[in-house]
Structures are given as C-alpha cells and as structure tokens.
Amino acid sequence: MASKNASTKPPRRPLAGWRPSFWRAWTAALVLLVLLFWAASQQRRFPFDLGLTRTLQAWNPSGRAWAQYVTNSAKPPVALGLLALVSVAAWRIGGLRAAGIPPIAYAAVLALDPLLKRWIARPRPSADLVQVAGSAAGNGCPSTFALIYAATFGAVILVAALRMRPPRRWWIVGGGVLILVIGGSARVVLGGHWPSDILLSYGLGALLLTGIARLLGVR
C-alpha cells in the first residue's frame, strides 16, 4: 500500500492565468459588454445620459478650463509620459510582470478604438441638447480618452488591488478611482461624450486589464 501511495502522482494544477473559473466569468463579462456596445450602436444615447450630462454641466459654473487640461493629459506626448510613469509604479508595486500590463493594455485599446467606433457609429452629444465645447463631429463610443485612462490609471488600480496590503491598497485604489471619475466627468462637462460612453469604455478597459494580468501571471 505504501509503494502504491508513493507512486500516485499529485493532481496537475492549471497553468497560472488559465483557471477555468476565471475565464468563464471573464467570458460572461465580455458577452455582456458586447451586448451593451450593441445597444449603444442602436441608440444615440441611453435614458440616463441626457439628465446626468446636464447635471454635471450645471455643477460646473466656474468654467471648463480644468476639463480641457484633463482632456489634454490623454493626448501625446503627455499620455506617453503618463504611460511610462504608471508602468514604473506598477513595477514598484507588483514587479516586472506587472510593469508590462499598462503598455500592453495601451496598445490594445489604441488598436480596438477605431474598430469599435466604426462598428458602433454612435454620434457625439449634440449642441442642441447640451453644452458642447469644440466640434461635435465624429463618433463618441468608445471614448479614446476613457480607454487611455483605463489602460494607465486603471492598471495601477488593478496591480495595487492584487499586490498591496491595506491600508495602502485602499489609498491607491481610492485615489485611482477618483482620477477616473474626474477624467470621465471632464469629458462629459465638455460635451465630448455621453456618460454611458465613458462607462462602457472603462468597462472594456477593466476587461482587458484583468485578462492581460491573468495571462502575465499577475495575481
């Protein structure tokens, strides 16, 4: 009996990042997100978009210069400096593999953005309905700004949530979420996107980040 037990091999563990339970949940979230993007392609805006946009713009009586500054932070060359900064932060928090998450996510969102815009073809908010700074031409979903913020600040949020311990974890996560809220609000205040454009873009970013992190073995 002893020799039989000794020859019994332990069960094989799945490779890092390939646990079926994670990918089942990830795939379900992907299907839900695709359905929401499809719904966005069928509607110029969701029911809550108009009221929320007008509310955010009404809360901003002192001008929109701050929103333009925030918007510019997602454009080159500032965005590339931001990408380098968050990659270093991810490396300090979670190691070399974690440092790879932001650049991979950044490249992925820039590749997906034009493809999704052509598929969804959802127009930007109209100046007849809300205040719009600049041109309202082009498609607004997904939001390039929100995708870039998700790939950068969102990556730090994810790595901190996975690798840091309280209370520092909650300071980093809370601060990152606040930045995402401020960034998304800036785009809505300027009339560049509907709130649902921002939320769907952040959702896509979160899905990409979690998938990339799992494939890289950052858990």
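This text goes with the structure placed above it.
Residues numbered from 1 in each chain as written. Predicted model: local features only at pLDDT ≥ 70, side-chain atom pairs only at ≥ 80, totals over all residues. Heavy atoms only, no water.

Caption draft 1: Structural view of helix H10 (residues 195–216). Its 22 residues give H10 an end-to-end C-alpha distance of 32 Å, which sits within 8% of 32 Å, the value for a rise of 1.5 Å per residue. Phi for Gly217, located one or two positions after H10, is positive at around 80°. (Helix = DSSP H or I, 4+ residues; strand = E, 2+ residues; numbered from the N terminus. Expected span 1.5 Å × (residues − 1).)

Caption draft 2: Region of interest: the packing of aromatic side chains. In this structure the tally under the stated criterion is five aromatic pairs. When the ring of Trp23 is compared with that of Trp26, the centres are 5.3 Å apart and the planes differ by 70°; the resulting orientation is edge-to-face. Of this pair, Trp23 and Trp26 both sit in helix H2 (residues 20–42), three residues apart, roughly one helical turn. Judged by its relative accessible area of 17%, Trp23 falls in the buried class. Aromatic pair Phe46 and Phe48: ring centres 6.3 Å apart, planes at 55°, arrangement tilted. (Phe/Tyr/Trp six-rings, centres within 6.5 Å; stacked < 30°, edge-to-face > 60°. Buried < 20%, exposed > 50% of the residue type's maximum accessible area, 1.4 Å probe, protein only.)

Caption draft 3: Looking closely at the nonpolar core. Counting residues in hydrophobic clusters, the biggest one holds 56 residues, and the most contacted among them are Phe37, Ile101, Tyr149, Leu200, Tyr202 and Leu204. A total of 14 residues in this core trace back to one element, the largest contributor, which is helix H8 (residues 144–163). In this structure, Tyr149 is in contact with Val70, Ser73, Ala74, Leu82, Gly154, Ile179, Leu180, Gly183 and Tyr202, ignoring residues within four places of it in sequence. (Core = buried A, V, L, I, M, F, W, Y, C linked by side-chain atoms within 4.5 Å. Contact = heavy atoms within 4.5 Å.)

Caption draft 4: Quick look at the pattern of salt bridges. Applying the stated rule across the entire model yields three salt bridges. Linking Arg122 and Asp49 is a salt bridge whose minimum nitrogen-to-oxygen distance equals 3.7 Å. With Arg122 in the loop between helix H7 (101–120) and H8 and Asp49 in helix H3 (residues 49–58), the pair connects residues that are 73 residues apart, well separated along the chain. With respect to class, Arg122 is no different from Asp49; both count as buried. (Salt bridge = Lys/Arg side-chain N within 4 Å of Asp/Glu carboxyl O.)

Caption draft 5: Examining the environment of Gln42 more closely. Positionally, Gln42 belongs in helix H2. Through-space distance from the C-alpha of Gln42 to that of Thr144 is 20 Å; in sequence the pair is 102 residues apart.

Caption draft 6: Spotlight on a nonpolar patch on the surface. Together, Leu30, Val34, Trp38 and Trp119 make up an exposed nonpolar region whose accessible area comes to about 380 Å². It is H2 that contributes the most residues to the nonpolar patch, three residues altogether. By the secondary structure assignment, Trp38 is in helix H2. (Patch = residues over 30% accessible without salt bridge, like charges linked within 9 Å, V, L, I, M, F, W, Y side chains within 5 Å. Areas by Shrake-Rupley, 256 points an atom, 1.4 Å probe, with all protein chains shown as cover.)

Caption draft 7: The arrangement of the packing of helix H9 (residues 168–189) against H10 in detail. H10 packs onto H9 with a crossing angle of 145° between their chain directions and a minimal axis gap of 9 Å. Crossing of H9 over H10 shows right-handed handedness. For the pair formed by H9 and H10, the contact residues are Leu180, Gly183, Gly184, Arg187 and Val188 on the first element and Pro195, Ile198 and Tyr202 on the second. Grouping the amino acids of the contact of H9 with H10 by side-chain chemistry returns five nonpolar, two polar and one charged. (Axes fitted to C-alpha atoms, helices over the stretch in contact; angles between N-to-C directions. Left-handed = near helix turned anticlockwise from the far one by under 90°. Nonpolar A, V, L, I, M, F, W, Y, C, P; charged D, E, K, R; others polar.)

Coordinates in, geometry out; function isn't part of it.
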